[in-house]
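Coordinate inspection notes
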Amino acid sequence: MSIQALEGRTALVTGAARGIGAAIARRLHADGANVVVSDVLTTEGEALVGSLGTRALFVHHDVGDEAAWQQAIAAAVQRFGALHVLVNNAGIYEPGAVGETTVEAFERMVRVNQTGTFLGMKCALEPLRAAGGGSIVNVSSIAGVMGFPGACAYVGTKWAVRGMTKTAAVEFAPHHIRVNSVHPGFIDTPMLAANPAEANAAGVEATPLKRIGQPDDIAAAVAYLAGDGASFVTGTELLVDGGYVL
Ligand SMILES: NC(=O)c1ccc[n+]([C@@H]2O[C@H](COP(=O)([O-])OP(=O)(O)OC[C@H]3O[C@@H](n4cnc5c(N)ncnc54)[C@H](O)[C@@H]3O)[C@@H](O)[C@H]2O)c1
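The structure contained in this document is the topic of the report that follows. A quick note: this is a predicted structure, and the numbers were derived from the prediction, not measured.

Rules behind the numbers
- Residues numbered from 1 in each chain as written.
- Predicted model: local features only at pLDDT ≥ 70, side-chain atom pairs only at ≥ 80, totals over all residues.
- Heavy atoms only, no water.
- Helix = DSSP H or I, 4+ residues; strand = E, 2+ residues; numbered from the N terminus.
- Rg over C-alpha atoms; globule rule 2.2 N^0.38 Å.
- Buried < 20%, exposed > 50% of the residue type's maximum accessible area, 1.4 Å probe, protein only.
- Contact = heavy atoms within 4.5 Å.
- Lys, Arg positive; Asp, Glu negative; His and termini not counted.
- Charge placed at Lys NZ, Arg CZ, Asp CG, Glu CD.
- Polar contact = N/O pair within 3.5 Å; in protein donor to acceptor, adjacent residues only side chain to side chain.
- Pairing = 2+ DSSP bridges.
- Axes fitted to C-alpha atoms, helices over the stretch in contact; angles between N-to-C directions.
- Phe/Tyr/Trp six-rings, centres within 6.5 Å; stacked < 30°, edge-to-face > 60°.
- Lys NZ or Arg CZ within 6 Å of the ring centre and 35° of its normal.
- Expected span 1.5 Å × (residues − 1).
- Arc of directions from axis to C-beta.
- Near = heavy atom within 4 Å.
- Areas by Shrake-Rupley, 256 points an atom, 1.4 Å probe, with all protein chains shown as cover.
- Nonpolar A, V, L, I, M, F, W, Y, C, P; charged D, E, K, R; others polar.
- Right-handed = clockwise from strand over helix to strand, strands pointing away.

Moving on to the overall build of the chain. Scanning the chain from terminus to terminus reveals 7 helices and 7 strands. Ordering the α and β elements of the chain from the N terminus gives β-α-β-α-β-α-β-α-β-α-β-α-α-β. Taken against the 2.2 N^0.38 rule, which gives 18 Å for 246 residues, the C-alpha radius of gyration of the chain at 17 Å falls within 12% of a compact globule. A buried classification covers 52% of the 246 residues belonging to the chain. In the chain, once contacts between residues fewer than 6 apart in sequence are set aside, the share between residues at least 24 apart is 69%. If you average the places of the 16 positive and of the 22 negative side-chain charges in the chain, the two averages end up 6 Å apart.

What follows is the structure, given as structure tokens:
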């Protein structure tokens, strides 16, 4: 039997109960990792862990809460012995132009998408160092490299994820911790239900590869960045968007 790419590693994936996060959790598990499925959706998260069987653990975890981060990481280390990979995938999206976005909506998105990613990197630093190094993958968006009229707060948080990724990549490099961002285009998940159907159709039409992306397309990119095949890759931004940003 061949040794799998992530055998013996432990990965924590946030927002992993459904959508892109669930595909990432399944892929890393299939590649041999122990996987911690973190989400606020308990029923869906536990169902995914049940379907994975061995080497999987669900933790109820709100990424905007620092104490919850400490508990989630402690649970991962207690169950599997160490943490090697963190995927900051949890996110929320509420459309809104600058003139129409309330401070409350703006701050909701900042709390999950931006503060959540910051806290993940902060809280994982010591455990990843203790493991001798590792990989952090932050899920940004095509909205983290360009503007999208009508998505002011979301765009702001995704640019922040991109900037924090590059900063942490330099700070964490001496500890052999790589930090990269993945930038999905239009991906077929429940998140897109927040857009009018015509807007999503227009997004797919503007995608040179002329199809909507699947969660597994993103999972493949995350698996690459998580593993040793990317051992000289840090601070990069990997667009997985069918050519949308060209
Ligand atoms: N679907 C797309 O087209 C698309 C495009 C670009 C980027 N993204 C990004 O990909 C990531 C995954 O999105 P998705 O499309 O799978 O959406 P989704 O809504 O299907 O999944 C998001 C997950 O995050 C979880 N979550 C929300 N708030 C949380 C919190 N406070 N703490 C922990 N978990 C929380 C949700 O419960 C859900 O399981 C997000 O960061 C999103 O911004 C998605």
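With respect to the helices, strands and loops of the structure, Asn89 is situated in the loop between strand S4 (85–88) and helix H4 (103–130). On the basis of relative accessibility, which here comes to 9%, the residue Asn89 falls in the buried class. Engagement of the side chain of Asn89 in a polar contact is seen with the backbone oxygen of Gly15, the distance being 3.1 Å.

Spatial strand order, S3-S2-S1-S4-S5-S6-S7: 7 strands in an open sheet with parallel pairing. Either end of the sheet is taken by a strand with one partner, and the two such strands are strand S3 (56–60) and strand S7 (237–240). The sheet shows a mean angle of 20 degrees between the axes of neighbouring strands, taken without regard to direction. Note that S4 and strand S5 (residues 134–139) share 4 bridges and pair parallel. When the bridges of S5 are listed, Val87 appears paired with Val137. Its contacts with the sheet put H4 on S4, S5 and strand S6 (177–184), and the angle it makes with S4 is roughly 180 degrees.

Taken as a whole, this structure holds 3 aromatic pairs when the rule is applied. When the centroid spacing of 4.9 Å and the interplanar angle of 65 degrees are considered together, the rings of Tyr93 and Tyr154 count as edge-to-face. Taken together, the residues span a long stretch of sequence, with Tyr93 in the loop between S4 and H4 and Tyr154 in helix H5 (residues 152–172) at a distance of 61 residues. In this pair, the class of Tyr93 matches that of Tyr154, namely buried. Judged by centre distance (6.0 Å) and plane angle (20 degrees), the ring pair of Phe148 and Tyr244 falls under stacked. Remark: Tyr244 occurs in the segment after S7 and Phe148 occurs in the loop between S5 and H5; sequence separation between them is 96 residues. Taken together, Phe148, Phe186 and Tyr244 form an aromatic cluster joined through their ring pairs. The aromatic ring of Trp159 is capped on one face by Arg162, whose charged end is 4.9 Å from the ring centroid.

Another point: helix H3 (residues 66–80). Here H3 spans 21 Å end to end across 15 residues, near enough to the 21 Å set by a 1.5 Å rise per residue. Listing the buried residues of H3 in full gives Ala68, Trp69, Ala72, Ile73 and Ala76. Looking straight down H3, one finds its buried side chains confined to an arc of 130 degrees; they lie on one side. In H3, the exposed residues that point more than 90 degrees away from the buried face are Gln71 and Gln78.

Attention now goes to the site of the ligand. The environment of the ligand is formed by 28 residues, the closest being Arg18, Asp39, Asn89, Tyr154 and Thr189. Here Tyr154 contributes a side-chain N or O atom positioned 2.6 Å from an oxygen atom of the ligand. Contact with the protein chains removes 94% of the 830 Å² of surface that the ligand exposes when unbound. Mapped by element, the contributors of at least two residues to the shell around the ligand are helix H1 (19–30) and H5. Its residues placed into classes, the shell around the ligand shows 15 nonpolar, 9 polar and 4 charged.

Another point: the pairing of strand S1 (residues 10–14). Burial analysis of S1 places 5 of its 5 residues in the buried class, the great majority of the element. A two-sided burial pattern is seen for S1, the buried positions comprising Thr10, Leu12 and Thr14 on one face and Ala11 and Val13 on the other. Pairing between S1 and strand S2 (residues 34–39): 5 bridges, direction parallel. Each bridged residue has a counterpart across the sheet, and for Ala11 the counterpart in S2 is Val35. Viewed along the sheet, the connection from S1 through H1 into S2 turns out right-handed. In the sheet, S1 pairs with S4 via 3 bridges, with the strands oriented parallel. Each bridged residue has a counterpart across the sheet, and for Ala11 the counterpart in S4 is Val85.

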